[in-house]
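# Report on the structure
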Amino acid sequence: QVQVVQSGGGSEQAGGSLRLSCVASGDTYSLYCMAWFRQSPGKEREGVASIDSAFSTIYADSVKGRFTISRDNAKNTLYLQMNSLIPEDTGMYYCAALPRRHGCSIYAASYNYWGQGTQVTVSS
């Protein structure tokens, strides 16, 4: 059983930065794909970024160059550093885990374990 608990988020002005964190329980966290997803009202959940056990990453085109996904396996913690925020980044952000080491994706249906969600609001 893997549990994922998120923290961070909040409100920020356009151009600012926020960092999201999530802590995943479980002995095999370092072997998991981890990812961030987001969802805004009226839209489907979309993948933001993923990172595999070898620290290879995938980013949605909309966040490339602005967001950085990282993981600290010693702390069982996943991060999303969000810079140069724009209002379109507003939404509920979810941390997710998949019990595989490679072949990660940013497709929500692939992931088994989910955090509770954290609201991010970016104002103009």
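To start, this report covers the structure provided alongside it. (Residues numbered from 1 in each chain as written. Predicted model: local features only at pLDDT ≥ 70, side-chain atom pairs only at ≥ 80, totals over all residues. Heavy atoms only, no water.)

If you walk across this open sheet you meet the 4 strands as S1-S3-S8-S7, and the pairing is antiparallel. The strands lining the two open edges of the sheet, one partner per strand, are strand S1 (4–8) and strand S7 (67–72). Along the sheet, successive strands turn relative to each other by an average axial angle of 15°, direction set aside. (Pairing = 2+ DSSP bridges. Helix = DSSP H or I, 4+ residues; strand = E, 2+ residues; numbered from the N terminus. Axes fitted to C-alpha atoms, helices over the stretch in contact; angles between N-to-C directions.)

Here the focus is the nonpolar core. By size, the foremost hydrophobic cluster in this structure holds 28 residues, and its most contacted members are Met34, Trp36, Leu78, Leu80 and Met82. Within the residue set of this core, elements represented by two or more residues are strand S3 (18–24), strand S4 (33–39), strand S5 (46–51), S7, strand S8 (77–82), strand S9 (91–98) and strand S11 (118–123). At 4 residues, the largest contribution of residues to this core is made by S3. Leaving out residues up to four positions away in the same chain, Leu78 has contacts with Leu20, Ser21, Cys22, Tyr29, Met34, Ala35, Trp36, Ile51, Ile69, Ser70, Arg71 and Cys95. Cys33, Phe37, Ala96 and Leu98 belong to the second-largest nonpolar core, a separate cluster that totals 7 residues. (Core = buried A, V, L, I, M, F, W, Y, C linked by side-chain atoms within 4.5 Å. Buried < 20%, exposed > 50% of the residue type's maximum accessible area, 1.4 Å probe, protein only. Contact = heavy atoms within 4.5 Å.)

Looking now at the environment of His102. Tracing the sequence through the fold places His102 in the loop between S9 and strand S10 (113–114). With a relative accessible area of 44%, His102 lands in the partly exposed category. Between the C-alpha atom of His102 and that of Ile51, which follows or precedes it by 51 residues, the distance is 9.0 Å. Those residues in contact with His102 that sit more than four places away from it in its chain are Cys33, Asp52, Ser53 and Ala54.

Turning next to the packing of aromatic side chains. Throughout the structure, instances matching the rule amount to 4 aromatic pairs. For the pair Phe37 and Trp114, a centre-to-centre distance of 5.0 Å together with 45° between the ring planes defines the contact as tilted. Separated by 77 residues along the polypeptide, Phe37 in strand S4 and Trp114 in strand S10 bring together distant segments of the chain. Judged by its relative accessible area of 26%, Trp114 falls in the partly exposed class. Aromatic pair Tyr94 and Trp114: ring centres 6.4 Å apart, planes at 80°, arrangement edge-to-face. Residue Tyr94 is found in strand S9, and its partner Trp114 is found in strand S10; the two are separated by 20 residues along the sequence. Judged by relative accessible area, which is 16%, Tyr94 ranks as buried. Taken together through their ring pairs, the aromatic side chains of Phe37, Tyr94, Tyr111 and Trp114 make up a single cluster. Geometry around Tyr94 places Arg45 over its ring, the cationic atom sitting 4.1 Å from the centre. (Phe/Tyr/Trp six-rings, centres within 6.5 Å; stacked < 30°, edge-to-face > 60°. Lys NZ or Arg CZ within 6 Å of the ring centre and 35° of its normal.)

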